[in-house]
There are 2 protein chains.
Amino acid sequence: MSSIKHHFPDAFPVTDDCLHIGGMPLTRLARRVGGSFYAYDRRLLSERVKHVRSMLPDGVHVHYAMKANPMPAVVQHMATIVDGIDVASRRELKVALDTTISAEEVSFAGPGKSECDLESAIAAGIVLNLESNLEMERAARIGHELGCRPKAAVRVNPDFELKSSGMKMGGGSKQFGVDAEEVPEMLRRMKNLDIEFMGFHIFSGSQNLKSEAIIEAQEKSVDLGIRLAQHAPSPLKILNIGGGFGIPYFPGEMPLDLAPVGEKLGNLMPKVESEMPGAHVVIELGRYLVGEAGIYVTPVIDRKISRGKVFLVTAGGLNHHLAASGNFGQVIRKNYPVAVGNRMNGKEREIVSVVGPLCTPLDILAESMEMAKAEVGDLIVVFQSGAYGATASPTAFLSQPDVTEVLV
Amino acid sequence: MSSIKHHFPDAFPVTDDCLHIGGMPLTRLARRVGGSFYAYDRRLLSERVKHVRSMLPDGVHVHYAMKANPMPAVVQHMATIVDGIDVASRRELKVALDTTISAEEVSFAGPGKSECDLESAIAAGIVLNLESNLEMERAARIGHELGCRPKAAVRVNPDFELKSSGMKMGGGSKQFGVDAEEVPEMLRRMKNLDIEFMGFHIFSGSQNLKSEAIIEAQEKSVDLGIRLAQHAPSPLKILNIGGGFGIPYFPGEMPLDLAPVGEKLGNLMPKVESEMPGAHVVIELGRYLVGEAGIYVTPVIDRKISRGKVFLVTAGGLNHHLAASGNFGQVIRKNYPVAVGNRMNGKEREIVSVVGPLCTPLDILAESMEMAKAEVGDLIVVFQSGAYGATASPTAFLSQPDVTEVLV
């Protein structure tokens, strides 16, 4: 046990000791939905986008990377408040195109796009983020077959890394994008192909809580974009400098301070406008827009004491929320912020481990955490669960009941 | 790079440089199935069960823990060659009951059984492995409501651990089963309930490659069973001493030597027969029966060189095979045995990283491994993939294409 505390979100009101979401007590929502579920709060999604816009310079476009949460209702809502959507597969593309967003504002990134993926994307008229020379040639061929001129940006593997990043997506040898130093040659080849050049996608990493690291990456991305633009077959329309904004999950982590990020990006804008007239800067965010707006909820099925240690056994576990179990990209398992949703301020406290129903010791939602003393039927809540939850989990594992997702 | 090599299975024949499975070249099977797929070999499943039986003493029952691979066709096949099936959920129960196995030979373990789970199990007449006092009381109540007397074994959390085990499931404080020292009291309570006592389920761990560790756990399990049997309300019918037999995945790991395990268990049998007349010993195996009979296959979509490093980008990755990506219970990522299925002995070799199509650096199937030089369209094969594959993976992640499973 550490004295370092979780940063619990204060976005969800508590009344009569019970968490509220979407204007309803959690206990009532749990009856409405049944079983284990994710709940996402529409108000919090809107507030977050508004907050991001208020912090970023005017004219910067905010895109939603829907892989973070592809629930169709969430995407429908996000489409009304962001400037564009990034998709990572053909099925995500379908969901994005079912919204009111225009095809030109949809982009498609991913290192392994299939022929089907490319065909759908080109037929739809969205922007492909090209990840290799081979992909560019395929796109040109398919565009020719379809009689549709592909719109394409080049995804650049930069020659720098996003420091202190939860996941590094650029710098060094990577499967993502085209090495920066190879881009001029690729752009030269593009001139001989029937492709509409849109711009660059420069994405260096994700889940970063340090303003300075993000500022540095943004400055380097803008510089790299300007440098590469000299080789472009036509003026840039888009300079997507990625996102990388993180949210606090673990004890001791604090929210990202966006103010200096926005301020420094503002300082870069005159340079962008003079060097790339007509291009707009895109910030692409997934987790940062949706992560804190969602909770995972699962009822307690059993309460056991084994050799002095208290276990709460819940109806769902890693099959619904792999990341909270510590099995998705974490080297050392740490607890997400977890609480008893219907006993938020419960005076009687205890140290418990919350485990899911699976026959595996990996199925842990909270390891030796202090929370209100819970009984069978109480509702365990995992906060910071709006991103990379249901779809990033092995929901068929042990053929346990599915998890429901609701937008409230 | 290490000089320590993978133990590649020799079960799949290679003809004309191409792996064969189910009597068919992999290239042809890939056309039959399409996309990325798991293929399980019926012959290898049968041979493995036969081998296990030949190594174990007469009279020991072999059960299949279907959570390792719940594909209905696989379970149908297994049901014809094993003595019983262990299920971990209501949906697994349905699949087991759809086979020819009799309900009495089906058992249900899991620390978080819901009311629905218990109701199905009791109505079916299968054997519940009770994990707590509360679960026992629930079972008795539901049995009373249904007018069906529940059959139940007690799952025991032993007072020892399975040494050198991939996953420890017993010993110390655990969510699984009832602490050994609490079992006598539980059995006393059971006498007052309308429950048919069947025996004990003592499971200490899984994925173990050391004969000595398994032998030690089996000896201790038998002793514990005999000790606890003195408190039983009626003579034992079942003493399930678990399994824990592992298969080699990583460089340097060697197959488990079953001969001494069988021999030592044979030495224990007279004691079991004299102390528990009429009881049969059950060995419950999942991964060991199916793991080596299956491969995961995914085509190469792109071949990229980034700053001197070769990447093969495949159509499927961690969304289909989480364990091979190193994100399922591994602390340090290690490579599964991976090869180019249509160039098994390819003379031109190179060091490559095989990555899936997802926009995350976690999506790795092989990191800097030597294999035959591959081209777009070649088939990457991940061996040792018959257990904890498709259902243990986040198949909805990024809404990429599903993985198909075939039994050949």
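Remember, predicted model here, so these are calculated numbers, not experimental data.

A. Just the side chain of Asn319 of chain B, in detail. Residues and elements named next belong to chain B. By the element assignment, Asn319 lies in the loop between strand S17 (309-314) and strand S18 (338-340). Taking relative accessible area as the criterion, Asn319 reaches 0% and is therefore assigned buried. A distance of 2.9 Å separates a polar side-chain atom of Asn319 from the backbone nitrogen of Gly317. With sequence-adjacent residues up to four places away left out, Asn319 is seen in contact with Leu358, Ser393, Pro394, Thr395, Phe397, Gln400 and Pro401.

B. Structural context of the confidence of the model for chain A. When the pLDDT values of chain A are averaged, the result is 95; 99% of them are 70 or greater. We note a pTM of 0.94 for the whole complex and an ipTM of 0.92 for its interfaces.

C. Geometry of empty space enclosed by the protein. The final tally for this structure, using the stated rule, is six cavities of 30 Å³ or more. If you add up the space inside the largest cavity, you get close to 90 Å³. Looking at the largest cavity, the residues that line it are His63, Glu104, Glu105, Val106, Ser107, Val127, Asn129, Ala153, Phe200, His201, Ile238 and Asn240 of chain A. Looking at the lining of the largest cavity, the elements that each hand over two or more residues are strand S7 (106-108), strand S8 (127-130), strand S12 (196-202) and strand S14 (238-240) of chain A. Here the second largest cavity defines a volume of roughly 80 Å³. If you go around the second largest cavity, the residues you meet are His63, Glu104, Glu105, Val106, Ser107, Val127, Asn129, Ala153, Phe200, Ile238, Asn240 and Val282 of chain B. Listing elements by their share of the lining of the second largest cavity, those giving two or more residues are strand S7 (106-108), strand S8 (127-130) and strand S14 (238-240) of chain B. Class assignment for the residues of the lining of the second largest cavity results in six nonpolar, four polar and two charged.

D. Summary view of the nonpolar core. Counting residues in each nonpolar core, the largest one holds 275 residues, and the members touching the most others are Phe200 of chain A together with Phe200 of chain B. Dropping the residues within four chain positions of it, Phe200 of chain A is found in contact with Ala153, Val154, Val156, Val183, Leu187, Gly225, Leu228, Ala229, Leu236, Ile238, Leu239 and Asn240 of chain A.

E. Just the layout of surface pockets, in detail. Residues and elements named next belong to chain B. Computed from the structure, the second largest pocket encloses a volume of approximately 870 Å³. In this structure, the second largest pocket is lined by 39 residues; those nearest its centre are Gly166, Met167, Ser206, Gln207 and Arg287. Among the secondary structure elements, those contributing two or more residues to the lining of the second largest pocket are strand S15 (280-285) and helix H10 (287-290). Each residue belonging to the lining of the second largest pocket can be placed in one class, and the counts come to 21 nonpolar, 12 polar and six charged.

Rules and cut-offs
Residues numbered from 1 in each chain as written. Chains lettered and ligands numbered in written order. Predicted model: local features only at pLDDT ≥ 70, side-chain atom pairs only at ≥ 80, totals over all residues. Heavy atoms only, no water. Helix = DSSP H or I, 4+ residues; strand = E, 2+ residues; numbered from the N terminus. Buried < 20%, exposed > 50% of the residue type's maximum accessible area, 1.4 Å probe, protein only. Polar contact = N/O pair within 3.5 Å; in protein donor to acceptor, adjacent residues only side chain to side chain. Contact = heavy atoms within 4.5 Å. pLDDT = per-residue confidence, 0-100. 1 Å grid on protein atoms, 1.4 Å probe; cavity = no way out; pocket = protein on both sides within 12 Å on 5 of 7 lines; lining within 4 Å. Points joined across faces, edges and corners; volume = space filled by probe spheres on them. Nonpolar A, V, L, I, M, F, W, Y, C, P; charged D, E, K, R; others polar. Core = buried A, V, L, I, M, F, W, Y, C linked by side-chain atoms within 4.5 Å.

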